[in-house]
Amino acid sequence: MGKATSSVFSRYSNFELLVKLLFLLSTRSKFFIRIIEKALTPKFLDRRWVSKLIQNTVYRIFLVGETIPEVRDYTNARNAPNKKFMVDYCVEGAQTESDIRANFDTYSDLINQQWSDNVAVVIKPSSLSFDEELLSGEVSTQHMDLMDKLCALAASKGILLFIDAEQSWYQGTIHKIEMEMIRKYNRQSAIIFATYQMYLKDTLNILKRDLEESKKEGFHLGVKMVRGAYLESENDRALQNGYESPVCESKEHTDTSFNEGAQLALDDSISVCFATHNQYSCSLVSDHLLKSASQDYKVSFAHLHGMAEDLYSTLSQEDFVIYTYVPFGPIRQSIPYLLRRIQENSGVQNQGKQETRLILKELKQRLF
Ligand SMILES: Cc1cc2nc3c(=O)[nH]c(=O)nc-3n(C[C@H](O)[C@H](O)[C@H](O)COP(=O)(O)OP(=O)(O)OC[C@H]3O[C@@H](n4cnc5c(N)ncnc54)[C@H](O)[C@@H]3O)c2cc1C
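The text that follows walks through the structure, step by step, so that each part is easy to find. (Residues numbered from 1 in each chain as written. Predicted model: local features only at pLDDT ≥ 70, side-chain atom pairs only at ≥ 80, totals over all residues.)

### Concerning the site of the ligand
Every one of the 26 residues lining the ligand counts as a neighbour, but Asp164, Arg227, Ala229, Ala275 and Thr276 are closest to it. Of all the secondary structure elements, the ones that give two or more residues to the shell around the ligand are β4 (192–197), α13 (251–267) and β7 (299–304). (Near = placed C-beta within 6 Å. Helix = DSSP H or I, 4+ residues; strand = E, 2+ residues; numbered from the N terminus.)

Here you go:
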């Protein structure tokens, strides 16, 4: 892949660039990460000045706003031929029936918007069910019914639905539901996409099994492939409860699992979205696509808003289909999402350094 230029940040104001730069620099220090994490606890967010500060810094880097009209402004402003958006209502878990109903209504509202064909919608399954139900491994009639209604609505509108993957202790139930939806709605093409977390030891085998079943039964598997975002909580829970961690034993094992999964999906020409900021994995896929005779529009890449913008600018210059994952929602609901992004940024030293260099270059050009 070629080199991106600093113009990737031209959309940012000086203030936004400065905030991003300060954030990237502070994530190099465990001390600052702990301070940001502390500021994101309810106790501190109750202080008006803390919540204002978070709203104008970390929140602004990773979320696009609180409401659907703000999402619409964001997507309209970035319209481009090979550019698409996965809109994520940033909500996880549900405490009451009215939470479930409100989350369902927001998803329906999102799907019902008059989007052009460059917008897909993300569903977080835990926001439509209670903890105990997901933990039981049994699918509740209500959960299945709500998912079915959203999938039917999306299918009728021609909108793709990406179902996020969450902690492994929920995934047994979630995968049963999403496979039922995929079997039902992906008869002609992939409309519903399940997320495969390649950091889990058994995901490669699950992917192989689902691929086999799709061929036998004649449905189109829709795959969103990620490494996995719950590394710490997966390992902590396994340790506390005395079972073997379901996560691969090292980063290298996770990388191998992701890249083998990617090869499998490419060899089988399925509908797949590679949701990763890993340069090597992106190159592996882009090299494969460039070598194959025709551009395969069933393959796409996805990055999170506010992350890996230089890498994705390069991919979009090469005419690949690119999704930006666009989270929105109130600040308090977004805390788990923000905490995961902070942890990820603290681990992505090389990518962070590259972004820091590009921001400095852009600021220098503007100010001097
Ligand atoms: C568009 C988009 C959608 C996403 N949706 C989801 C989702 O639905 N569910 C979800 O769980 N995640 C999701 N993620 C997050 C994703 O799983 C990763 O956390 C994140 O993208 C970082 O991984 P990477 O592939 O970009 O590459 P890298 O930065 O190269 O890899 C970091 C990842 O490697 C793995 N890893 C790191 N250290 C170790 C170790 N010691 N042992 C084993 N593995 C290790 C972890 O998975 C870690 O997140 C999404 C990411 C994107 C870009």
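### Describing unusual backbone geometry
In this model, serine 269 sits at a positive phi of 50 degrees, which is unusual for a non-glycine residue. Looking at the secondary structure, you find serine 269 in the loop between α13 and β6 (271–275). Under the C-beta neighbour-count criterion, serine 269 is labelled exposed, with 11 such atoms within 10 Å. The phi torsion at aspartate 319 lies on the positive side, around 70 degrees, for a residue other than glycine. (Buried ≥ 20, exposed ≤ 12 C-beta atoms within 10 Å, placed from the backbone.)

### Quick look at the pairing of strand β1 (residues 83–89)
Regular strands place their side chains on alternate faces of the sheet. Counting buried positions along β1 yields five of seven residues, so the element is predominantly enclosed. Summarising the sheet, β1 and strand β8 (residues 321–328) pair through seven bridges and their orientation is parallel. Each bridged residue has a counterpart across the sheet, and for tyrosine 89 the counterpart in β8 is phenylalanine 328. With helix α7 (residues 97–112) bridging β1 and the parallel strand β2 (residues 119–123), this β-α-β connection has right-handed handedness. (Pairing = 2+ DSSP bridges. Right-handed = clockwise from strand over helix to strand, strands pointing away.)

### Regarding the nonpolar core
By size, the foremost hydrophobic cluster in this structure holds 88 residues, and its most contacted members are Met86, Val121, Leu161, Phe193 and Met225. Setting aside anything within four residues of it in sequence, one finds phenylalanine 193 in contact with Leu160, Leu161, Phe162, Ile163, Gly222, Val223, Lys224 and Cys273. (Core = buried A, V, L, I, M, F, W, Y, C linked by C-beta atoms within 7 Å. Contact = placed C-beta atoms within 7 Å.)

### Quick notes on the packing of α7 against helix α9 (residues 141–157)
Relative to each other, α7 and α9 sit at 10 degrees, their axes nearing to 10 Å. In terms of orientation, α7 lies roughly parallel with respect to α9. Of α9, the residues touching α7 (which contributes Phe104, Tyr107, Ser108 and Ile111) are Leu146, Leu150, Leu153, Ala154 and Lys157. Classifying every residue of the contact of α7 with α9 by side-chain character gives seven nonpolar, one polar and one charged. (Axes fitted to C-alpha atoms, helices over the stretch in contact; angles between N-to-C directions. Parallel < 35°, antiparallel > 145°, perpendicular 65-115°, else oblique. Nonpolar A, V, L, I, M, F, W, Y, C, P; charged D, E, K, R; others polar.)

### Considering the sheet that holds β7
Ordered by their spatial adjacency, eight strands build a closed barrel running β1-β2-β3-β4-β5-β6-β7-β8, and the pairing between neighbours is parallel. In this sheet, adjacent strand axes meet at a mean angle of 25 degrees when their direction is disregarded. Where β1 lies against β2, four bridges are found, and the strand directions are parallel. Across the sheet, residue valine 87 finds its bridge partner in β2, namely valine 121. Of the strands in this sheet, β4, β5 (222–226) and β6 are in contact with α13, which crosses β5 at around 155 degrees.

### Overview of the environment of isoleucine 68
Relative to the helices and strands, isoleucine 68 is located in helix α6 (residues 68–77). Between the C-alpha atom of isoleucine 68 and that of glycine 218, which follows or precedes it by 150 residues, the distance is 36 Å. Here isoleucine 68 is in contact with Asp109, Leu110 and Gln113, once residues within four sequence places are set aside.

### Re the pairing of β4
Counting buried positions over the six residues of β4 gives six, a clear majority of the element. Side chains Ile192, Ala194 and Tyr196 of β4 all project onto a buried face; the interleaved residues Phe193, Thr195 and Gln197 project onto the opposite face, where all are buried too. As paired strands, strand β3 (residues 161–163) and β4 are joined by three bridges and run parallel to one another. Within β4, the residue paired with phenylalanine 162 across the bridge is phenylalanine 193. After leaving β4, the chain enters helix α11 (residues 203–217) and then returns to the sheet as β5, a path that is right-handed.

No statement about biological role is implied by the geometric values presented.
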